[in-house]
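# Architecture at a glance
Take a look at the letters that make up each chain.
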There are 4 protein chains.
Amino acid sequence: MVIVIKSNTDIKRIEEIAKDIEKKGVKTKLTIGENKTIIGLIGDTKRVSKDYIMSNLEVEDILKVESPYKLVSRMMKEEDSIIEIKGVRIGAKDQVIVMAGPCSVESREQIIDIAKEVKKQGANILRGGAFKPRTSPYSFQGLKEEGLKYLKEASNLTNMPMVTELMSVDDLEVVSKYADIIQIGARNMQNFALLKAVGKTNKPVLLKRGMSATIEEFLMAAEYIMSQGNENVILCERGIRTFETYLRNTLDLAVVPAIKELSHLPIIIDPSHATGRWNMVEPLSKAAVAIGADGLMIEVHNDPKNALSDGAQSLKYKNFSNLMKSINKIKEII
Amino acid sequence: MVIVIKSNTDIKRIEEIAKDIEKKGVKTKLTIGENKTIIGLIGDTKRVSKDYIMSNLEVEDILKVESPYKLVSRMMKEEDSIIEIKGVRIGAKDQVIVMAGPCSVESREQIIDIAKEVKKQGANILRGGAFKPRTSPYSFQGLKEEGLKYLKEASNLTNMPMVTELMSVDDLEVVSKYADIIQIGARNMQNFALLKAVGKTNKPVLLKRGMSATIEEFLMAAEYIMSQGNENVILCERGIRTFETYLRNTLDLAVVPAIKELSHLPIIIDPSHATGRWNMVEPLSKAAVAIGADGLMIEVHNDPKNALSDGAQSLKYKNFSNLMKSINKIKEII
Amino acid sequence: MVIVIKSNTDIKRIEEIAKDIEKKGVKTKLTIGENKTIIGLIGDTKRVSKDYIMSNLEVEDILKVESPYKLVSRMMKEEDSIIEIKGVRIGAKDQVIVMAGPCSVESREQIIDIAKEVKKQGANILRGGAFKPRTSPYSFQGLKEEGLKYLKEASNLTNMPMVTELMSVDDLEVVSKYADIIQIGARNMQNFALLKAVGKTNKPVLLKRGMSATIEEFLMAAEYIMSQGNENVILCERGIRTFETYLRNTLDLAVVPAIKELSHLPIIIDPSHATGRWNMVEPLSKAAVAIGADGLMIEVHNDPKNALSDGAQSLKYKNFSNLMKSINKIKEII
Amino acid sequence: MVIVIKSNTDIKRIEEIAKDIEKKGVKTKLTIGENKTIIGLIGDTKRVSKDYIMSNLEVEDILKVESPYKLVSRMMKEEDSIIEIKGVRIGAKDQVIVMAGPCSVESREQIIDIAKEVKKQGANILRGGAFKPRTSPYSFQGLKEEGLKYLKEASNLTNMPMVTELMSVDDLEVVSKYADIIQIGARNMQNFALLKAVGKTNKPVLLKRGMSATIEEFLMAAEYIMSQGNENVILCERGIRTFETYLRNTLDLAVVPAIKELSHLPIIIDPSHATGRWNMVEPLSKAAVAIGADGLMIEVHNDPKNALSDGAQSLKYKNFSNLMKSINKIKEII
């Protein structure tokens, strides 16, 4: 932590501030510049709150030198984390794991049919929503436990692990009973009660980036989960909210190399929610694989036209098959 | 709902699409323009999903004619809603309700001292956090039920209703036991499980706008609460996330007249969280009163320098006293 | 300037980096922390480019300690700058200067009629566009010099100084001939050739904030003008681009106290362009006055329905009269 | 254009509004819904301004059915436009054109050395700045005509066409004399005087997207150029400004398939400016090629550490060589 002192502050006053801060148990070091003087803090800077420092009117700014996350940090663990679920390894070098399935589970037949198809095309993990976060209270809210059962059956039949969203601590038990991976949705990325709850399980967690979350906040949300003991966190970028509205959100692909720099956790891309339009899914998937994402999460539906949610962004079987061929080609050379 | 058809689409194909849509139980009406043809939908358009329509490749766009919210809408209820809590009327004409108190309750003495002081200066409602949403799992997380007890005691002593944040459905019972108004924080604005849960109580709810929530999403979150039967919703703008980082967030004051246009619900302003800096609180409070906000939520602390959270944005007693004088002057002429 | 070194870097290597930087003519000072080491730079840090430092792989980050602007800075000049134009003083304490007039000059009669009306209601400065920046090349582009002549005539008749936009260095001579204040539009805020050109005149310049310009970039654009010798710069906030689209832009009113903190230049608010809707202009004007803006820029039209540009955001005479009454009341108490 | 009428409006009043609009020379058609009535406009809707319609208080909203651009539109010209410059074809199927060179020309030796190197590695076009748009007036502003001469010499020596930025109409003549492609920078994307000026030449124009420009505004800027007769427009995405600040900007790669849908113009990607960090350039370049960009613009420097501008985002020769190998592999399979 570096404290910038306002120009024209008397040196005695600066020394007083430094002494006052030292009482909290850290050391300080002054660097007196021509225009500005700075105070560097040495030791466990968490002992001194930003507010404590800012309450001195002579302080102009506080510059952070250390990142606030620890367990998720690449500095803490140099090698890539690999999350293994029933033989599927997420985060392993040269692997691009494909999670595919419908936005919502709508019936037993639907999810089994889709599961078989995506498996045939090479998907590794089945996705499907049973508890659905919907902007409107009047929209279809999911089949709940019934949906989980169908998902489990489809998962068993096709021998693919299954990921599904958890929206509330109340449903943790029932979702854990069926799911192999628990998804935390973008709108709940800072639902700290929920993060702590899944952090206390040992289920792998797929954590989606909030629509306006910075990379630091995204990693801090993962830190919440890890701080409770659960190290199996998979990050997922699904588009951020910007001024551009031609597509639903702006997919921030640079987050892949950025996260690889900062953290050891795997990161996958969800181009379906990012764009909201099925014909954007294949081009963005190719880009995601080329840039080094550890996986993709793709919405596939047997009948997008009559889907109960998010049909406009779901691929038909034919298009999913084309997508798998495209990304396989790119995978080979990456 | 208006469907825009791509140029050069055969008229027979357009008629087919219209017929197909009519099967869902709505009527359609074609308007054939020189370049574009549109299909207007008449009747209960919720029967036809956007996805169903978009699955026709000839459809270029779907334009929404109706807003998705109902109960919160000014169209549903023309007169302003007034939420009355122990004699304090939020939303009443010519009233500016001031909610004041510390970010976090830190001790019995602290909250009682602050409550007495803000009451003396003219505050109407006591605020204070017992369950704290913190970006870092390593930060102070609040005194929990102990904090609620102190808050209640301070509230009783000063005869002011009390508002405090609820972070999880699990804590609803304990928070309801003490609080007069339940606050839903910005990060939980789309925690739909939580919205439904408070919607099933009859406690007034203070709903904060999410950092990247559009006005429509903000109103839809309120609709979630109202759809469960609870009509006592107070909206609160606390700054949105933009590219500008000089202050913590960008306070969107235009939301006050915008909300007044669209909804009958009261709306208050939180300048403390919006800016993160105490010296910005008074100027923005004056602007909020001038533009017609129904209230303010202000952080006040007896010792900001040693606050356990958000000290940099908290007013000292002296500054709060000045603020109250300033806004009282503006209130008189508005 | 403070250089943050990556953890685990050998101290010898850090000393090498420091020595290398000292060759550029600055001094360095190391602060060795428990996790991180920082190098503070002392002296004229402009001699060392950020790139020069970043090219060392051991450098994690560079923290800026000094702001890049000088002439516009409050540190350079403590007292508020007052720009005086034909007796109108912009930036003077307790003054709220109102600039009013149509978006575009459409005819001699129109501008004279509007000028007389706004003068009668208390406006101080006449505004009107002769060169119009339009998103579409097919939209009305302004009356050009003819418009300037009409503006000048209306300005003389009503004894109000006149402000009009300059879009290109080519038009500087003709615009300077007629205008009392030259406006640089939001889209040209970083048109550096234009900034330099007006900086070489001694005409007052009204500089609008770019739609996605940070406060620092805004001040740097003013610095461009001042660096050429012209000290008469008036800043104008007109809304920034965010994800919210209910209104055209998001008016960032906090910029008023923020600019007052950082700079000695006056700042005015344009609520007409910020919102794009006439019924939002009065509430935002009241807020702007309450927060301490030095002035307002308001679009007024004799016949908004038939305006050649921006009619939806223009006030009718009756509404402008109401606005003037409202803000006068607030002015009295501020 | 579709006009949405407020609920509860009397049908007679709606008919009056429709009749009033018909006077402007368009036809109208009413669609009376259960809640809302809409008026569809048929014919040349440009005759009726949005303001004219909005001035009726009964109008709730106006929905655009047609896009405002014409010449740039895919509807106007179905096949891809190919811009050919001295044998280099930008926009041709299966081609990825690489423009490479330093941010600024610094000396004759520097630009010749870099030109030879990038040519050797497979670049097609030489880039380099002689007139530099810098945020600070105190930063290096470019070598101006001297720089253009060196660029031309390097271009001739290596037999590569050359692209360089034009910042002001005043410099059009001198820049045209040397450059093969004129670049319009992001900050000047809505400098309409400059767009018109280059539109009157027949030089190919590389138009960079403004930092907060929507796709529609980006295309409208291209429309400005084309409306003056110059059809040789190359679009370039270079990152947009969002709340995320880990990298300089957020590269919006989805713009590639989006532009391909809406327009026939070629689009290239500039990952150097988008990220501001050299180690992000290669991963984003791979993604850009995978998603179907027509080209890349890459900053390369012989000595990034001592570059006079933007060294942190410039590749060394070795890294550029690696990048070329990577993208060539992806090109083969796309």
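Note: the structure precedes this text.
Here the structure is a predicted model, which means the values were calculated and not measured.

### Some remarks on the overall build of chain A
What chain A contains, in helices and strands, is eleven helices and 14 strands. Here the C-alpha coordinates of chain A stretch approximately 75 × 40 × 40 Å along the principal axes. Expressed as a percentage of its 334 residues, the buried residues of chain A come to 66%. Long-range contacts, defined here as pairs at least 24 residues apart, represent 67% of the contacts in chain A between residues at least 6 apart. For chain A, the centre of its 48 positive side-chain charges and the centre of its 44 negative side-chain charges are spaced 3 Å apart.

### Some details on the interface of chain C and chain D
Chain C puts 47 residues into the contact, and the matching count from chain D is 46 residues. At the boundary of chain C and chain D, one finds four salt bridges. The partner of Arg241(C) in a salt bridge is Glu217(D), and the shortest N-O contact between them spans 2.6 Å. The tally of links from chain C across to chain D stands at 21 residue pairs in polar contact (both at pLDDT 80 or more). Elements that contribute at least two residues to the side of chain C that touches chain D include exactly helix H2 (50-54), helix H6 (192-199) and helix H7 (215-227) of chain C. The biggest single contributor to the side of chain C that touches chain D is H7(C), with five residues.

### A short note on the environment of Lys23(B)
Along the polypeptide, Lys23(B) turns up in the loop between helix H1 (11-22) and strand S2 (27-32). Separated by 25 residues in sequence, Lys23(B) and Val48(B) have C-alpha atoms that sit 9.5 Å apart.

### Regarding the relation of the copies chain C and chain D
Superposing chain C onto chain D requires a rotation of 180° together with a translation of 0.1 Å along the rotation axis, leaving an RMSD of 0.1 Å. Here the transformation between the copies is reduced to the relation of a two-fold axis. No C-alpha of chain C approaches the rotation axis more nearly than that of Ser212(C), which lies at 3.0 Å. A high fraction, 96%, of the interface residues of chain C reappear at the interface in chain D, so the copies pair face to face through one surface.

### Side note on the relation of the copies chain B and chain A
It takes a turn of 180° to lay chain B on chain A, together with a shift of 0.0 Å along the axis; the resulting RMSD is 0.1 Å. Counting the interface residues of chain B, we find that 100% of their copies in chain A are interface residues as well, pointing to one common contact surface.

### Focus on the pairing of strand S12 (residues 233-237) of chain D
Residues and elements named next belong to chain D. For S12, a buried count of five out of five residues is recorded, marking the element as mostly surrounded by other parts of the structure. Along S12, one buried face is formed by Val-233, Leu-235 and Glu-237 and the opposite face, lined by Ile-234 and Cys-236, is buried too. The pairing of strand S11 (residues 205-208) with S12 spans four bridges and is classified as parallel. Its bridge partner being in S12, Val-205 is matched across the sheet by Val-233. Tracing the backbone out of S11, into helix H7 (residues 215-227) and back to the parallel element S12 gives a crossover that is right-handed. Here three bridges tie S12 to strand S13 (residues 267-269), and the two strands are oriented parallel to one another. Within S13, the residue paired with Glu-237 across the bridge is Ile-269.

### Section: helix H4 (residues 145-158) of chain B
All names here are of chain B. An ideal rise of 1.5 Å per residue puts 20 Å on 14 residues; H4 measures up with 20 Å between its terminal C-alpha atoms. When H4 is considered as a whole, its buried residues turn out to be Gly-147, Leu-148, Tyr-150, Leu-151, Lys-152, Ala-154, Ser-155 and Thr-158. Tucked into the core, H4 has its buried residues touching helix H3 (108-121), strand S8 (125-127), strand S9 (162-165) and helix H5 (172-178). Looking one or two places after H4, you find Asn-159, whose phi comes out positive at around 55°.

### Some points on the pattern of salt bridges
For the coordinates displayed, the defined rule picks out 92 salt bridges over all chains. The partner of Arg209(A) in a salt bridge is Glu237(A), with the nearest N and O atoms 2.7 Å apart. Taken as a pair, Arg209(A) in the loop between strand S11 (205-208) and helix H7 (215-227) and Glu237(A) in strand S12 (residues 233-237) lie far apart in primary sequence, 28 residues in all. Comparing Arg209(A) with Glu237(A) shows no difference in burial state: the two are buried. Between Glu58(B) and Arg13(B) there is a salt bridge, with the nearest N and O atoms lying 2.9 Å from each other. Of the two residues, Glu58(B) is situated in the loop between helix H2 (50-54) and strand S4 (59-63) and Arg13(B) in helix H1; the sequence distance between them amounts to 45 residues. Members of the salt-bridge network, linked through shared partners, are Arg209(A), Glu237(A), Asp252(A) and Glu244(D).

### Remarks on the sheet that holds strand S10 (residues 181-184) of chain B
Strand pairing within a sheet occurs via backbone hydrogen bonds; the two strands may be parallel or antiparallel. Residue and element names in this part refer to chain B. Reading around the barrel, the eight strands line up as S7-S8-S9-S10-S11-S12-S13-S14 and close back on themselves, with parallel pairing between neighbours. The sheet shows a mean angle of 25° between the axes of neighbouring strands, direction not considered. The strands touched by H4 are S8 and S9; relative to S9, the strand with the most contacts, the crossing angle is about 165°. Contacts between helix H7 (residues 215-227) and the sheet are confined to strand S11 (205-208), strand S12 (233-237) and strand S13 (267-269), with S12 contributing the most and set at about 160° to the helix.

### A look at the state of the cysteines
By definition, a disulfide links the sulfur atoms of two cysteines through a covalent bond. All names here are of chain A. For the coordinates displayed, the defined rule picks out zero disulfides over all chains. There is no disulfide at Cys-236, and the cysteine sulfur nearest it, in Cys-103, is 13 Å away. When its relative accessible area of 0% is taken as the criterion, Cys-236 is described as buried.

### Quick look at helix H10 (residues 278-291) of chain C
All names here are of chain C. If you check H10, its first and last C-alpha atoms are 21 Å apart, about what 14 residues at 1.5 Å a residue would give, namely 20 Å. Across the 14 residues that make up H10, a large majority, eleven, are buried. Within the sequence span of H10, burial applies to Met-280, Val-281, Pro-283, Leu-284, Ser-285, Lys-286, Ala-287, Ala-288, Val-289, Ala-290 and Ile-291. Immediately beyond the C-terminal end of H10, within one or two residues, lies Gly-292, with a positive phi of roughly 105°.

### Quick look at the side chain of Glu244(D)
Relative to the elements of secondary structure, Glu244(D) occurs in the loop between S12 and helix H8 (255-262). At 2.9 Å, the side chain of Glu244(D) forms a polar contact with the backbone nitrogen of Tyr246(D). With near-sequence residues (within four places) excluded, Glu244(D) lies in contact with Arg209(A), Ala213(A), Thr214(A), Ile215(A), Asp252(A) and Thr250(D).

### Observations concerning the packing of H6(C) against H7(C)
All names here are of chain C. Relative orientation of the contacting elements H6 and H7 amounts to 45°, with a least axis distance of 7 Å. The angle between H6 and H7 places the two elements in the oblique class. Considering how the two elements wind past one another, H6 and H7 form a crossing that is right-handed. Packed against H6, whose contacting residues are Phe-192, Leu-195, Lys-196, Val-198 and Gly-199, the element H7 presents Ala-221, Tyr-224 and Ile-225 at the interface. Here the residues of the contact of H6 with H7 sort into six nonpolar, one polar and one charged.

Definitions and limits used
- Residues numbered from 1 in each chain as written.
- Chains lettered and ligands numbered in written order.
- Predicted model: local features only at pLDDT ≥ 70, side-chain atom pairs only at ≥ 80, totals over all residues.
- Heavy atoms only, no water.
- Helix = DSSP H or I, 4+ residues; strand = E, 2+ residues; numbered from the N terminus.
- Buried < 20%, exposed > 50% of the residue type's maximum accessible area, 1.4 Å probe, protein only.
- Contact = heavy atoms within 4.5 Å.
- Lys, Arg positive; Asp, Glu negative; His and termini not counted.
- Charge placed at Lys NZ, Arg CZ, Asp CG, Glu CD.
- Salt bridge = Lys/Arg side-chain N within 4 Å of Asp/Glu carboxyl O.
- Polar contact = N/O pair within 3.5 Å; in protein donor to acceptor, adjacent residues only side chain to side chain.
- Least-squares fit on C-alpha atoms with pLDDT ≥ 70 in both.
- Pairing = 2+ DSSP bridges.
- Right-handed = clockwise from strand over helix to strand, strands pointing away.
- Expected span 1.5 Å × (residues − 1).
- Axes fitted to C-alpha atoms, helices over the stretch in contact; angles between N-to-C directions.
- Disulfide = S-S within 2.5 Å.
- Parallel < 35°, antiparallel > 145°, perpendicular 65-115°, else oblique.
- Left-handed = near helix turned anticlockwise from the far one by under 90°.
- Nonpolar A, V, L, I, M, F, W, Y, C, P; charged D, E, K, R; others polar.

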